[in-house]
Structures are given as structure tokens and as C-alpha cells.
Amino acid sequence: MGKVYVFDHPLIQHKLTYIRDSKTGTKEFRELVDEVASLMAFEITRDLPLTEVDVETPVTTAKSKVLSGKKLGIIPILRAGLGMVDGILKLIPAAKVGHVGLYRDPETLQPVEYYVKLPSDIEERELIVVDPMLATGGSAVEAINSLKKRGAKNIKFMCLIAAPEGVDVVKEAHPDVDIYIAALDEKLNDHGYIVPGLGDAGDRLYGTK
Ligand code: URA
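Quick look at the structure, then. Note that the structure is predicted; figures quoted are calculated from it, not measured.

## Side note on the site of the ligand
Next up, step 1: Lining the immediate surroundings of the ligand are M133, A135, G192, Y193, I194, G199, D200 and A201.
Next up, step 2: A distance of 2.8 Å separates an oxygen atom of the ligand from a polar backbone atom of I194.
Next up, step 3: Between a nitrogen atom of the ligand and a main-chain N or O atom of G199, the distance comes to 2.7 Å.
Next up, step 4: For the shell around the ligand, the class distribution of residues is five nonpolar, two polar and one charged.

Put into C-alpha cells, the structure is as follows:
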């Protein structure tokens with residue numbers, strides 16, 4: 001079964017409070033999401049493999065470590081996932097970025113894929129699927145299905161806020177996928193919003209309604 005990691009670092013919790021605050025405007029909201037995404041990227045890359053090299057310091061030759069070149073991919077779920085990409089790229093600038101777009105079928109209420117563009121070698125990459133909100137879990141499950149259908153083997157899911165219902169749905173559908181979150185909230189309301197949550201992440205990022 002996939003593991004769930006809650007990154008409750010004080011800086012993340014502090015920034016998340018202002019992200020939640022309905023008085024926080026678009027510009028500040030976007031900046032805070034970007035900052036939290038960077039902090040989460042720092043945590044999520046903790047287990048990246050290293051390799052030993054020789055380095056000439058001004059004093060002597062030393063053994064030291066560099067990243068062993070594991071290929072990473074960031075996959076935002078459109079549109080709100082885009083708000084987390086730049087923050088992650090600040091720490092992992094060489095990562096490739098793929099996109100998955102989903103809409104909700106008005107009759108079945110199920111997410112349907114409308115756009116997928118991925119790095120050509122996704123089967124060799126460690127992929128981090130990003131979406132600020134893990135609510136019902138429907139979009140996350142479908143996005144991960146899209147990636148697996150195209151050969152992805154190593155997938156992590158990262159979001160700011162998750163509802164317990166969404167976490168359970170993703171764990172059930174994709175037991176091989178670990179989930180990384182900044183806060184695990186109380187529940188979903190009747191409209192599918194996370195409580196207490198932050199409202200609609202896409203609208204708050206882009207100033208739409
Ligand atoms: N998507 C959002 O943007 N917010 C929620 O609370 C749930 C889903």
C-alpha cells in the first residue's frame with residue numbers, strides 16, 4: 001500500500017495558513033503556493049540517489065557527492081497544478097514537465113482526459129504528479145491512469161491539502177503511489193470542497209470565479 005507523508009514543517013504550516021486565508025489576494029496566493037511547492041520539493045527529493053566524485057578544493061582533493069542523475073518529471077494536472085510547477089523547478093531545474101488536462105463529464109461526473117503531453121521517456125523517469133487539492137481523488141486517479149497507460153512506472157503524488165476521502169481513493173486505486181501532502185484536512189463538503197481547505201485553488205491562483 002502506498003505511504004502518505006505529511007510535510008508539516010513550520011515554514012510550510014505558516015505559509016499554508018495565509019494560503020487558506022480568504023483575505024489573501026491572487027498575487028500573494030500565487031507566491032505562497034510557489035514557495036510551499038519549493039519547500040515540498042526539498043522534502044520529496046530527500047531520497048534521491050547520490051554518487052561519489054573527486055573534487056579539488058583549494059586545499060586538497062576530497063571525495064564528495066553529486067546527484068547520480070536520476071531523471072525526474074513533473075506532471076501538473078491542469079489547471080491548478082500549474083501553480084506548483086515553478087516552485088519545484090527552482091530546486092530541480094533539469095526536470096522535464098508533462099501536462100495532463102482533465103474535465104468533469106457533466107453527466108457521469110467522472111474526470112475525462114482532454115489533453116496529455118508528456119516527456120518521451122516517461123517510463124524511465126520518476127514522475128511527481130502535482131495538484132494543490134486532493135479532494136474526491138477522481139482527478140488524481142485518472143491522471144495516474146493516463147501516465148501508467150503510457151508506460152510510467154515510478155509515480156509520486158504531491159498536493160498542498162488533501163481530504164481523507166481522496167487519500168483513500170488514491171491509495172486504493174494506485175497502491176504503488178506514495179502521497180505527499182502539506183496538510184490533511186477534515187473532510188469534503190456536499191459540493192466536493194475540502195473543509196476547511198482554501199476554496200477553489202484554480203480560481204484563487206488565476207483570479208477567476
Ligand atoms: N478543488 C479545489 O480547488 N478546492 C477544493 O476544495 C476541492 C477541489
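## What to know about unusual backbone geometry
Next up, step 1: Cis geometry marks the peptide bond from L78 to R79, where omega comes out at 0°.
Next up, step 2: Relative to the helices and strands, R79 resides in the loop between β4 (72-78) and α3 (82-91).
Next up, step 3: In this structure, the amide linkage connecting V195 to the following residue, P196, adopts the cis form with an omega of 0°.
Next up, step 4: When you line up the elements, P196 lands in the loop between β13 (194-195) and α6 (201-206).

## Let's talk about the pattern of salt bridges
Close approach of charged atoms lets side chains of opposite charge pair.
Next up, step 1: Enumeration according to the criterion identifies 17 salt bridges in this entry.
Next up, step 2: Where E35 meets K15, a salt bridge forms, and the shortest distance between an N and an O atom there is 2.8 Å. Taken together, the positions of E35 in helix α2 (residues 26-44) and K15 in helix α1 (residues 10-20) put the pair 20 residues apart, joining distant regions of the chain.
Next up, step 3: Overall, the relative accessible area of 33% leaves E35 in the partly exposed class.
Next up, step 4: In this structure K15 comes out as buried when scored by relative accessible area, which is 18%.
Next up, step 5: Residue D121 is joined to K71 by a salt bridge in which the shortest nitrogen-to-oxygen separation is 3.2 Å. Of this pair, D121 sits in the loop between β7 (111-117) and β8 (126-130) while K71 sits in the loop between β3 (61-67) and β4, and the two are 50 residues apart along the sequence.
Next up, step 6: Judged by its relative accessible area of 13%, D121 falls in the buried class.
Next up, step 7: Through salt bridges with shared partners, one network takes in D47, K70, E126 and K156.

## What about the environment of S120?
Next up, step 1: By the secondary structure assignment, S120 is in the loop between β7 and β8.
Next up, step 2: With 81 residues separating them along the chain, S120 and A201 place their C-alpha atoms 29 Å apart.

## Section: the layout of surface pockets
Next up, step 1: In this structure, the largest pocket occupies an estimated 860 Å³ of space.
Next up, step 2: Lining of the largest pocket is provided by 30 residues; of these, R104, D131, M133, A135 and S139 occupy positions nearest its centre.
Next up, step 3: Those elements that provide at least two residues to the lining of the largest pocket are β4, β6 (99-104), β7, β9 (133-134), α4 (138-149) and α6.
Next up, step 4: In terms of residue count, α4 provides more of the lining of the largest pocket than any other element does, four residues in total.
Next up, step 5: Of the residues assigned to the lining of the largest pocket, the class counts are 17 nonpolar, nine polar and four charged.
Next up, step 6: Of the pockets and cavities examined, the second largest pocket occupies roughly 230 Å³.

Rules and cut-offs
For every chain, the first residue of the written sequence is number 1, and numbering continues from 1 onward in sequence order. The model is predicted, so local features are restricted to residues of pLDDT at least 70 and side-chain atom pairs to those at 80 or more, both for listing and for counting; the totals for chains, interfaces and linings are taken over all residues. Each side-chain value is worked out from all heavy atoms of the structure, with water and hydrogens disregarded. Residue proximity to a molecule or strand is established when one non-hydrogen atom of the residue lies within 4 Å of it. In protein, a polar contact means a hydrogen-donor-capable atom and an acceptor-capable atom, both N or O and within 3.5 Å, with residues adjacent in sequence counting only if both atoms are side-chain atoms; elsewhere, any N or O pair within 3.5 Å suffices. Under the scheme applied, nonpolar residues are Ala, Val, Leu, Ile, Met, Phe, Trp, Tyr, Cys and Pro; charged residues are Asp, Glu, Lys and Arg; polar residues are all the others, including Gly. Put simply, DSSP H or I for four residues or longer makes a helix, DSSP E for two residues or longer makes a strand, and each gets a number counted from the N terminus. Any carboxyl oxygen of Asp or Glu that lies within 4 Å of a side-chain nitrogen of Lys or Arg is treated as forming a salt bridge with it. Relative accessibility thresholds used throughout: buried, under 20% of the residue-type maximum; exposed, over 50%; partly exposed, between the two (1.4 Å probe, protein chains only). Cavities and pockets were defined on a 1 Å grid built over protein atoms only: a cavity is a set of grid points that admits a 1.4 Å probe from which the probe cannot escape, a pocket is an open set flanked by protein on both sides within 12 Å along at least five of seven lines, and lining residues are those with an atom within 4 Å of any such point. Grid points are joined across faces, edges and corners, and a volume is the space filled by probe spheres set on the points.

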